[in-house]
Amino acid sequence: MKFRAERSEFADAVMWAQRTVGDRATLPALSGIKLRVDGDRLFLASTNLEIDSALSVPVQGERDGAVLVLGKLLADVVRTLPNAAVTAEVTADVLHLTCGRAQFDLRLMPVEDFPALKEPSADGAVAVMKAEEFARTVAQVARSASTDDARPVLTGVNLEATAGSLTAVATDSYRLAMRTVPWDQGADTTVLVPRRAMEQARHAAEILGSEVSLLLEPAQVTFSFSDRRLVTRLIEGKFPDVRQLIPAGFERRLTVDRAELMEVVKRVAVVGDSNTSVTPVTLHLSADTVLVKAGSGEIGQAEEALPGALEGEDLQIAFNPRYLADGLDAAGSERVVLEFRDELKPAVLRPAPADAEAGPASSRPEADFLYLLMPVRV
Amino acid sequence: MRLVIARCTVDYAGRLTAHLPSAVRLIMVKADGCVAVHADGGAYKPLNWMNAPNTLIEGDGVWTVTDPKGEMLTITLHEVLLDVAEDCGDDPGLSKDGVEAHLQELLAAHPTALGDGLTLVRREYQTGIGPVDLLCRDPEGRAVAVEVKRRGEIDGVEQLTRYLDRLNRDPLLRPVRGLFAAQRIKPQARVLAEDRGIYCVEVDYDDLRGLASDELRLF
């Protein structure tokens, strides 16, 4: 195998493949990236048995062939290469990389040990989304997935496709994020995709732009981009019925500048950072002011007020500052609407309607993003 | 449990192939069908393993382990140094200090986790032959004797039966209903309990701990 590639393209491709290299010491082949040259294209593949990555980049191919090289080592090497064309040539069990005056000899692994990657079904119904919208949806939702493997179903993003819309939901039982986007496939399907796979797909969508094709199948999901593909297995188990958690009504409704509230929450929460457990921030809501307080006599205290329009009676309610800031960050709009029942019931956060003044309580914003946040008892 | 120490080579074929060259290793075959190949190192992690359900075929110096997913582990035995088998019987499970007591404490604080409207009368209620973990009252005012275990097995049901027999002799308490609470109740224990009119409730220790702390959750 022999090829010549642009350093930046080759490095980007290796870095991307490296993200799904496995780390199971008992299966050494998983720690490798498979490189295959076919004509003037270099194909890279890696898998951790959960997510399979495949991509190809244009190269100047001189000799076809396939090799398996240690992923981390290859990534570390290409990251440091000077900005010049890269020549790669295999002799016996060594990959010789030359870039400018730098030369590396990397020992190869048996390529036949590399597992066959999962293949999407050829006749499946593929839906196409704008990459920007896909990336934004994942960014808004996936952060609410749990990182605790004790409850695997909460570590994924539930994708529920119905005629005309796709709803992505994630929850760690303290907060929940839900976004609905248009969907050009009619078939009803629900899949629970590992958060890591969604994040990897988002990364691809962000760097490549254009469009992403999604193929939802009963046992796997495929995300395809112009030059790369991710196939992920699904999380087994039933995702909780989360729609019943969304309150049907509210007693109080706050409209507030999103960026300003987020900044204040982050600033005030600093006094809790030295604690091992997260110190809640308390929002003191009155007709036209939001007073944000945090801290205790032992460590230090902070408070800051900002303007906010409250419909309903005054309320004091406390939240985990990180979860509140996550929701505000995810909403993305200029202003947000927060709906409350009382200090112990979940609050609903939505982007405020684009028009300058919030309408009466009855005209709820028909936003496609919703963040449900459980308060903290203080 | 069968333990074989042998010089062997091991080949795995499934979604990928893996080969362990010839060396002395421990092969563990558990009663549930799990097969694990250990080296003399690497802590608890086997070099190769196949989770049950498996089919183990012992050929002449070659063991073939297959599972329904089509994965295959082939163990070629060059020299068997030890081959012993022992029936370990039922495992009582991991007993962590304090967990059962903590479970009892949590259920005493949140008796409604055992049944709607249940209120605590007292913990460790003496019966004359030992204390029953919790004595509660249901919404109709009837007494409910609760035995709390980490793992619900037949001996726990027998224990509660004995307590109920004693408690039902007390005219101020009777009729006393039995409630058997555990993180996991074995099917045989459940059948025996329900046959004797004892209610069974499986409780989630982690959820209870969540209840005990001030953490509010969506579900």
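Here the structure is shown first, and the text comes after it.
> For this particular structure, what's the right way to read a negative patch on the surface?
Residues and elements named next belong to chain B. Taken together, the side chains of E86, D87, D90 and D91 present a region of like negative charge at the surface. Structurally, D90 can be placed in the loop between strand 7 (72-85) and helix 1 (99-109). Residue D90 is classed as exposed on the basis of its relative accessible area of 67%.

> What exactly am I supposed to notice about the side chain of Q159 of chain B here?
Residue and element names in this part refer to chain B. When you line up the elements, Q159 lands in helix 2 (residues 154-167). Overall, the relative accessible area of 18% leaves Q159 in the buried class. The residues contacting Q159, other than those within four sequence positions of it, are E147 and K149.

> When you look at the interface of chain A and chain B in this model, what are you seeing that I'm missing?
Size of an interface, as often reported, equals the accessible area lost when the parts are brought together. Taken together, the 28 residues of chain A in the interface contact 13 residues of chain B. Carbon and sulfur atoms make up 60% of the surface buried where chain A meets chain B, a total of about 1,800 Å² over both sides. Across the chain A-chain B interface, the total number found is zero salt bridges. Remark: the boundary between chain A and chain B carries four residue pairs in polar contact (both at pLDDT 80 or more). Its residues assigned to classes, the side of chain A that touches chain B shows 17 nonpolar, three polar and eight charged.

> What is the right way to read unusual backbone geometry from this model?
Negative phi values dominate among residues other than glycine, just as trans dominates among peptide bonds. A cis amide bond links A52 of chain B to the next residue, P53 of chain B, at an omega of 0 degrees. When you line up the elements, P53 of chain B lands in the loop between strand 4 (48-50) and strand 5 (55-58). Backbone torsion omega between R174 of chain B and P175 of chain B reads 5 degrees, so that peptide bond is classified as cis. Mapped onto the elements, P175 of chain B comes out in the loop between helix 2 and strand 11 (176-185). Look at A92 of chain A: it is not a glycine, yet its phi comes out positive at around 50 degrees. Topologically, A92 of chain A is positioned in the loop between strand 7 (86-91) and strand 8 (94-99).

> Would you mind showing me how to read the packing of helix 3 (residues 131-141) of chain A against helix 4 (residues 195-208) of chain A here?
Between two packed helices, both the angle of their axes relative to each other and the distance between the axes serve to describe the pair. All names here are of chain A. Direction vectors running N to C along helix 3 and helix 4 enclose 145 degrees, while the axes themselves pass 9 Å from each other. Crossing handedness for the pair helix 3 and helix 4: left-handed. Two secondary-structure elements touch here, helix 3 through A131, F134, A135, V138 and A139 and helix 4 through M198, E199, A201, R202, A205 and E206. Classifying every residue of the contact of helix 3 with helix 4 by side-chain character gives eight nonpolar, no polar and three charged.

> Any chance you could explain the pairing of strand 9 (residues 131-137) of chain B here in plain terms?
Side chains on a regular strand alternate between the two faces of the sheet. Residues and elements named next belong to chain B. For strand 9, the buried fraction is high: five of the seven residues fall into the buried class. Note that strand 8 (residues 119-126) and strand 9 share six bridges and pair antiparallel. What sits directly across from T119, in strand 9, is R137. Bridge count for strand 9 against strand 10 (residues 143-152) is four bridges, and the pairing is antiparallel. By the bridge assignment, R137 is partnered in strand 10 with A143. The hairpin turn running from strand 9 into strand 10, its antiparallel successor, is five residues long, and G141 in that turn takes a positive phi close to 90 degrees.

> Sorry if this is basic, but what is going on with empty space enclosed by the protein here?
Over the atoms, a rolled probe matching the size of one water molecule traces out where space is still vacant. Residues and elements named next belong to chain A. Enumeration over the complete set of coordinates arrives at one cavity of 30 Å³ or more. Roughly 40 Å³ of internal volume is contained in the largest cavity. Forming the boundary of the largest cavity are M129, F134, T137, V138, L159, L166, A168 and M198. Among the secondary structure elements, those contributing two or more residues to the lining of the largest cavity are helix 3 and strand 12 (165-171).

Procedures and definitions
- Residues numbered from 1 in each chain as written.
- Chains lettered and ligands numbered in written order.
- Predicted model: local features only at pLDDT ≥ 70, side-chain atom pairs only at ≥ 80, totals over all residues.
- Heavy atoms only, no water.
- Patch = residues over 30% accessible without salt bridge, like charges linked within 9 Å, V, L, I, M, F, W, Y side chains within 5 Å.
- Areas by Shrake-Rupley, 256 points an atom, 1.4 Å probe, with all protein chains shown as cover.
- Salt bridge = Lys/Arg side-chain N within 4 Å of Asp/Glu carboxyl O.
- Lys, Arg positive; Asp, Glu negative; His and termini not counted.
- Charge placed at Lys NZ, Arg CZ, Asp CG, Glu CD.
- Helix = DSSP H or I, 4+ residues; strand = E, 2+ residues; numbered from the N terminus.
- Buried < 20%, exposed > 50% of the residue type's maximum accessible area, 1.4 Å probe, protein only.
- Contact = heavy atoms within 4.5 Å.
- Buried area = accessible area lost by both parts, 1.4 Å probe.
- Polar contact = N/O pair within 3.5 Å; in protein donor to acceptor, adjacent residues only side chain to side chain.
- Nonpolar A, V, L, I, M, F, W, Y, C, P; charged D, E, K, R; others polar.
- Axes fitted to C-alpha atoms, helices over the stretch in contact; angles between N-to-C directions.
- Left-handed = near helix turned anticlockwise from the far one by under 90°.
- Pairing = 2+ DSSP bridges.
- 1 Å grid on protein atoms, 1.4 Å probe; cavity = no way out; pocket = protein on both sides within 12 Å on 5 of 7 lines; lining within 4 Å.
- Points joined across faces, edges and corners; volume = space filled by probe spheres on them.

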